[in-house]
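Each chain, written out:
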Amino acid sequence: MKKSISMFKKVVAVVTMAAAIACGIKGAHVVSGGAGLVSEAAGRPVSITSCVIQGGNVVVNVSCSNVPASDDGKFYLYSDEVYQDGTVGKIVASADRGNNATFSFPLGYNSGESNLSKKFLVAVKSGGSMIQVSDEHYITNPEGNAYKTVARNDHGIKGILPNDANAATFKDLGIAQMVYNLYMGDIVCQATDPGAILFNYNGVDYYFSSAGLAQYDAFVGFCRSNNFQLTLTILNNKTAAGADLIHPLSRDSHVCPGYAMNTKEDGGTQHLKAIAAFLANRYSGGAYGTVDNWVIGNEVNARTEWYYMNSTNLELNVSEYVKAFRIFYNEIKAVNANARIYNSIDQEWQRKSNPGCSLSKDFLDRFNYYMVREGNIDWSVSIHPYNAPLFDPYAWKQQAQYVSNNVSSKYITMENIYVFTDYISQPAFLNPAGQVRNVALTEIGYTSEFGEDAQAASIVYAYTMAANNPYIKSFILFRETDNAHEMESHIAQGLKNLDGTPKMAYNYYKAMGTAQQETYKAQASAIIGADVNSMVANRTFLTRNGWFLND
């Protein structure tokens, strides 16, 4: 969502390490710059090797080669909220100090003592003070608690992010998937508001707006009735009832569609947990229908536009987002084990069009770093591989100044989408089962401003690229009908004109994934001047030196 469009409606404390523990813990490395600090402790001697739900308990296993000294021969396991760092939370278990140790304690799901979305660390008592001797680690199998698991509705990658609930159009197009935006601030309310829905979670009463939920209930039901698999993108907008959801560094006068989630204060953190649990319960089968996929934030590397914090510190920004992601991942998967939880980045891989934002590659690298360090989970990734620039009409032949076929490319588009999937196929990015992560193209689109033939051919080429990439699970066109405001910027990405008449691209997209697709691929190949199937199979990479196709 590079366009400002509404669809339907730690400062981290630096831990002072003891100067001398038997095995020698190195000091913390402080990453700074911008509004905040993030501490990265180096060389902590104890490793948390697993942290999993077993029955109603959490079992944590730890190991170390050199056992740190302590006053009493004990390891202590702390349970911290996401906004806490170091030995400031609650001790939930202890064990005899040794090369290996196991802790077991209650999960406490949906109670005041819930440990589901907390992080854990090992400490020893040294010189009368508690000293952290391990990195933090989260529960990595929240699905071990799942009680409303629903079979997934995977039946095709062809999708759309709609601007209208037009079942006839979508069925005619053969749409399999829908993406829809949910604004958290619109669904929460005060206890005294008319129609307030009480939801008690972790021993606290929260209230949800029946009026705010109505459009989401209706759309989830619409997708269920028409067999569309649904992805909800969770956005954080400013409202009075949702004021505590806004990160303290996001509370200035900056205006944008999405703000960073509050993982800095207890009230906001607990509210996020309740929202995630409420949504997972409401949309995992039952009366309303099912959301199979959840995207946490939108283009979160685009700080000033979609996940705003008044900070240019990449480490701080990623760290705060990771905390929100962990909350939503654990709370949703603890209800529906089959749900997939996605992060979201844009196509600006190695170039910033806005200097206040972060490169999507840098953001993803640091996101993965924290995920691996704090307990690898089966997170998925969504990316928006629009052309560069957005109104460039030729998906199959991008401008050389923006796009290349290697990891140094300034942009990730559909012409080089394999650069992205190759990159996340590296061992360091694999999920806990050693598999490449699921990739969702939750926004993609091509303008007809410079010719309907170019739009139609671009869609066929892009869809074929996606369908032939085994890691891509969705191909979501951005809107079915043009938007007059976007057209002022030469962006006419709809399959229909403003008056509802179909463009050339309508039938081309309709044919994709059907028995007629080769006929339309042949027509697209004639427009392009090369065989689409061969280009995709051989990773044929074409570039031009200027705006025009033959430059």
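Use the structure listed above.
These lines cover the structure that appears in this document, whether it is placed above or below. (Residues numbered from 1 in each chain as written. Predicted model: local features only at pLDDT ≥ 70, side-chain atom pairs only at ≥ 80, totals over all residues. Heavy atoms only, no water.)

### Brief notes about the nonpolar core
Rule in force here: Here the nonpolar core consists of buried residues drawn from Ala, Val, Leu, Ile, Met, Phe, Trp, Tyr and Cys, with membership extended through side-chain atoms lying within 4.5 Å. Relative accessibility thresholds used throughout: buried, under 20% of the residue-type maximum; exposed, over 50%; partly exposed, between the two (1.4 Å probe, protein chains only). The criterion used for residue contact is that any of the two residues' heavy atoms lie within 4.5 Å.
Formed by 142 residues in total, the largest nonpolar core has its most connected members in Met 178, Trp 294, Phe 325, Phe 420 and Phe 475. When near neighbours in sequence (up to four residues on either side) are disregarded, Trp 294 contacts Leu 232, Ile 234, Leu 279, Ala 280, Tyr 283, Ile 332, Ala 339, Arg 340, Ile 341 and Tyr 342.

### A short note on the packing of helix α5 (residues 314-333) against helix α6 (residues 360-373)
Condition: For helices, the axis comes from a line fit to the C-alpha atoms of the stretch in contact; other axes are also lines fit to C-alpha atoms, and the angle between any two N-to-C directions lies between 0 and 180 degrees. Secondary structure elements are taken from DSSP: a helix is a run of H or I of four residues or more, a strand is a run of E of two residues or more, and numbering for both begins at the N terminus. Put simply, angles under 35 degrees are roughly parallel, angles over 145 are roughly antiparallel, angles from 65 to 115 are roughly perpendicular, and the rest are oblique. A clockwise turn of the near helix away from the far one marks a right-handed crossing, whereas an anticlockwise turn of less than a right angle marks a left-handed crossing. Gly counts as polar in this scheme, as do all residues outside two lists: the nonpolar Ala, Val, Leu, Ile, Met, Phe, Trp, Tyr, Cys and Pro, and the charged Asp, Glu, Lys and Arg.
Their axes nearest at 9 Å, the elements α5 and α6 cross at an angle of 55°. As judged from the angle between their axes, α5 and α6 are oblique. Of the two possible hands of crossing, α5 and α6 adopt the one that is right-handed. Here Leu 314, Glu 315, Asn 317, Val 318, Ser 319, Tyr 321, Val 322, Phe 325 and Arg 326 of α5 come into contact with α6, specifically with Asp 362, Phe 363, Arg 366, Phe 367, Tyr 370 and Met 371. For the contact of α5 with α6, the class distribution of residues is nine nonpolar, two polar and four charged.

### Side note on the pattern of salt bridges
Note the threshold: The term salt bridge refers to a side-chain nitrogen of Lys or Arg lying within 4 Å of a carboxyl oxygen of Asp or Glu.
Using the criterion set out here, one finds 20 salt bridges in the structure. Of the charged contacts in the structure, one is a salt bridge between Arg 373 and Asp 135, with a shortest N-O distance of 3.7 Å. Residue Arg 373 is located in helix α6, and its partner Asp 135 is located in the loop between β9 (129-132) and β10 (137-138); the two are separated by 238 residues in the primary sequence. Judged by its relative accessible area of 13%, Arg 373 is buried. For Asp 135, a relative accessible area of 23% puts it in the partly exposed group. Across the salt bridge formed by Glu 315 and Arg 366, the nearest N and O atoms sit 2.6 Å from each other. Of this pair, Glu 315 sits in helix α5 while Arg 366 is found in helix α6, placing the two residues 51 residues apart along the sequence. Taken together, the salt bridges that share partners define one network made up of Arg 44, Asp 135, Glu 136 and Arg 373.

### A closer look at the packing of aromatic side chains
Convention followed: Classification of ring pairs uses Phe, Tyr and Trp, with its six-membered ring standing for Trp, and accepts pairs whose centres are within 6.5 Å; under 30 degrees between planes counts as stacked, over 60 as edge-to-face, and the remaining range as tilted. Charge-over-ring contacts are defined here by two conditions on Lys NZ or Arg CZ: a distance within 6 Å of the ring centre and an angle within 35 degrees of the ring normal.
Under the defined criterion, the tally for this structure stands at 33 aromatic pairs. Here Tyr 463 and Phe 475 contribute two aromatic rings whose centre-to-centre distance is 5.6 Å and whose plane-to-plane angle is 85°, an arrangement assigned as edge-to-face. Taken together, the residues Tyr 463 in helix α8 (residues 452-467) and Phe 475 in strand β21 (residues 472-478) connect sequence positions twelve residues apart. A single burial state applies to Tyr 463 and to Phe 475, both of which are buried. One cation-aromatic arrangement involves Arg 366 over Tyr 369; the distance from NZ or CZ to the ring centre is 4.2 Å.

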